[in-house]
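The residues making up each chain are set out below.
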Amino acid sequence: MGIFLFLGGIIGCTPAIFARPSPVEATVSPSQTAASPDETASPTQLIPDAVPVDAQTFDSDPALPLTDPYSLMVQQPLTDTIADWRPPLYPTPWIPTPYDHFLFSRPVLADMKVWALEDYRYGGVFFRNVVHTGIDIPLKIGSPVVAAGSGRVTWSGYGLMSGENNPEDPYGLAVVIRHDFGYQGQTLYTVYGHLSETNLVVGQPIKSGELVGLSGATGKVTGPHLHFEVRIGDNNFSRSRNPELWIVPPQGWGILAGQLKTFEDEWMMRVKVLIRSLDTGERYWVATYGDGPVNSDPYYNENLVIGDLPAGWYRILIPGETSQHLDIEILPGRVSYFRYKRGSGFSTDLPIPPGTFFKTPEVPTPQIELEPLETPVP
């Protein structure tokens, strides 16, 4: 598999890079249909009543209601078999604990055996100290990319970072969805980068699972893939969070989050950790976050996440760091958690609940009060 490159964040970049992009014409491909490599298996469809509106108008429109996803705390698994290679997904939103937030489904079809590339997870560091603000999912050009949650399109086209409708923009042809549900009173966005086609327009409503576009290799890449981000508060890559803590895992699979610190209680950066299944012997490698515009979850305060671990017992080893190891159980549909500190070793004690150690809004939280929905002006 080729090496992929995405410039999700650049240390030392100029303020202009963070500037809000100028309005651009939405990218529309009239010839595009809902076709996919497997049309019968695709749950996606085009939206017939799209209303085009420029990005500036949309951003000033406070019409989107932010519903409270915490009205649902526990979900039952889907009963329809939509994946041959693994159990079907749980429906979203799914909140198995008061501190988890599986608010999004996967941006790829469930019958596709793909997930984040090992070396291109959130917080990974590429050459020249480029820190990754999303996850890269390998896809062939032309594969369907679907919405991870419902909302409206707030960006569609080139220039997401440069703001100049620039085909050389690092994100390439990109779509951003502003979701109609929030988190702790803040707006949520998801980003779909490096597309080859999209017929979405700014202001267009879209539901979870509907077609965003087709995967491609536009922008700063060396191979086809989907770059996926979750942003909170503002549509800016400096406000990203680790998508693997926001996307519901497949049934029977779990997520591991960890916090690694030095003697001085500082982050251990760019440290590769070995995770080995005690059941099958399969090995997984995951690295701690690098230094840059990446953000930890307010509860887990992690600097390492790996999803897609089949439930079971695993051994965690930090090569060159210690002769100690930790055996930990990955629970299905849950986040398993560990901490490691030089001199103190491992711990599986969960973080202190918010409000005791640090102050965050309670769950469920008040939502942002917005004006009633207004129809965008074409």
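What you are looking at is a predicted structure, and each value in this text was computed from that prediction instead of being measured.

Colleague: Where do I start with unusual backbone geometry in this structure?
Modeller: Excluding glycine, most residues fall at negative phi; most peptide bonds, likewise, are trans. Between Thr-92 and Pro-93 the backbone carries a cis peptide bond, its omega angle lying at 0°. Inspection of the secondary structure puts Pro-93 in the loop between α2 (55-59) and β1 (135-138). With a phi angle near 65°, Asp-265 is a residue other than glycine that sits in the positive phi range. Even without being a glycine, Arg-270 presents a positive backbone phi close to 60°. Here Arg-270 lies in the loop between β10 (253-261) and β11 (272-277).

Colleague: Would you mind going over the sheet that holds strand β16 (residues 335-341) with me for this structure?
Modeller: Sheet strands line up and pair through hydrogen bonds in the backbone, either parallel or antiparallel. Judged by pairing direction, the sheet is mixed, and its 4 strands sit side by side in the order β13-β10-β16-β17 without closing on themselves. Across the chains shown, the open sheet's two edge strands, defined by having one partner strand only, are β13 (304-310) and β17 (345-347). Each neighbouring strand pair of the sheet contributes to a mean axis angle of 25°, computed without reference to strand direction. Summarising the sheet, β10 and β16 pair through 7 bridges and their orientation is parallel. Pairing of Ile-255 across the sheet is with Val-335, part of β16.

Colleague: Is there a simple way to think about the packing of aromatic side chains in this case?
Modeller: Geometry of an aromatic ring pair is reported as the spacing of the ring centres plus the angle between the planes. Going through the model one piece at a time under the given rule, you end up with 12 aromatic pairs. An aromatic cluster of three or more residues is present, and its members are Tyr-99, Tyr-299, Tyr-300 and Tyr-337. The ring of Trp-267 carries Lys-261 above its face, with NZ or CZ at 4.9 Å from the centroid.

Colleague: Would you explain the pairing of strand β14 (residues 312-317) in this entry?
Modeller: In summary, the side chains of a regular strand alternate between the two faces of the sheet. Note that β11 and β14 share 4 bridges and pair antiparallel. Among the inter-strand pairings, Ile-275 is bridged to a residue of β14, identified as Ile-316. As paired elements, β14 and strand β15 (residues 326-330) share 5 bridges and run antiparallel to each other. Bridging from a neighbouring strand, Ile-316 pairs with Leu-326 of β15.

Colleague: Is there a simple way to think about the sheet that holds β15 in this case?
Modeller: Strand order in this open sheet of 4 strands is β12-β11-β14-β15, and the pairing throughout is antiparallel. The sheet is open, and its two edges are formed by β12 (283-287) and β15, each paired on a single side. Between one strand axis and the next, the sheet turns through 30° on average, direction left out of account.

Colleague: I tried to follow the nonpolar core on my own but got confused; where do I start?
Modeller: Grouped together as the largest cluster of nonpolar side chains are 46 residues, with contacts concentrated most on Phe-104, Val-175, Leu-188, Tyr-192, Val-212, Leu-226 and Trp-246. Sorting the residues of this core by element identifies β1, β4 (173-183), β5 (186-197), β8 (225-232), β10 and β16 as the ones contributing at least two each. By residue number, the principal contributor to this core is β4, which donates 5 residues. Those residues in contact with Leu-188, other than ones at most four positions away along the chain, are Leu-103, Phe-104, Ile-177, Arg-178, His-179, Phe-181, Gly-182, Tyr-183, Arg-231, Ile-232 and Trp-246. With 20 residues, the next largest nonpolar core counts Met-268, Tyr-284, Val-286 and Tyr-340 among its residues.

Colleague: Explanation requested: the confidence of the model for the protein in the structure shown.
Modeller: Any residue range with low pLDDT should be treated as having predicted coordinates unsuitable for detailed reading. Chain-level pLDDT for the protein is 77 on average; 68% of the residues reach the 70-or-more range. Per-element confidence in the protein is highest for strand β7 (residues 211-215), whose mean pLDDT is 97, and lowest for helix α1 (residues 15-18), whose mean pLDDT is 30. Residue range residues 1-50 is modelled with pLDDT below 50. Its contacts to residues more than four positions away, or to other chains, number 129 contacts. Below a pLDDT of 50 lies the segment residues 68-84, which in the model reaches 40 contacts outside its immediate sequence neighbourhood of four places, other chains included.

Definitions and limits used
Residues numbered from 1 in each chain as written. Predicted model: local features only at pLDDT ≥ 70, side-chain atom pairs only at ≥ 80, totals over all residues. Heavy atoms only, no water. Helix = DSSP H or I, 4+ residues; strand = E, 2+ residues; numbered from the N terminus. Pairing = 2+ DSSP bridges. Axes fitted to C-alpha atoms, helices over the stretch in contact; angles between N-to-C directions. Phe/Tyr/Trp six-rings, centres within 6.5 Å; stacked < 30°, edge-to-face > 60°. Lys NZ or Arg CZ within 6 Å of the ring centre and 35° of its normal. Core = buried A, V, L, I, M, F, W, Y, C linked by side-chain atoms within 4.5 Å. Buried < 20%, exposed > 50% of the residue type's maximum accessible area, 1.4 Å probe, protein only. Contact = heavy atoms within 4.5 Å. pLDDT = per-residue confidence, 0-100.

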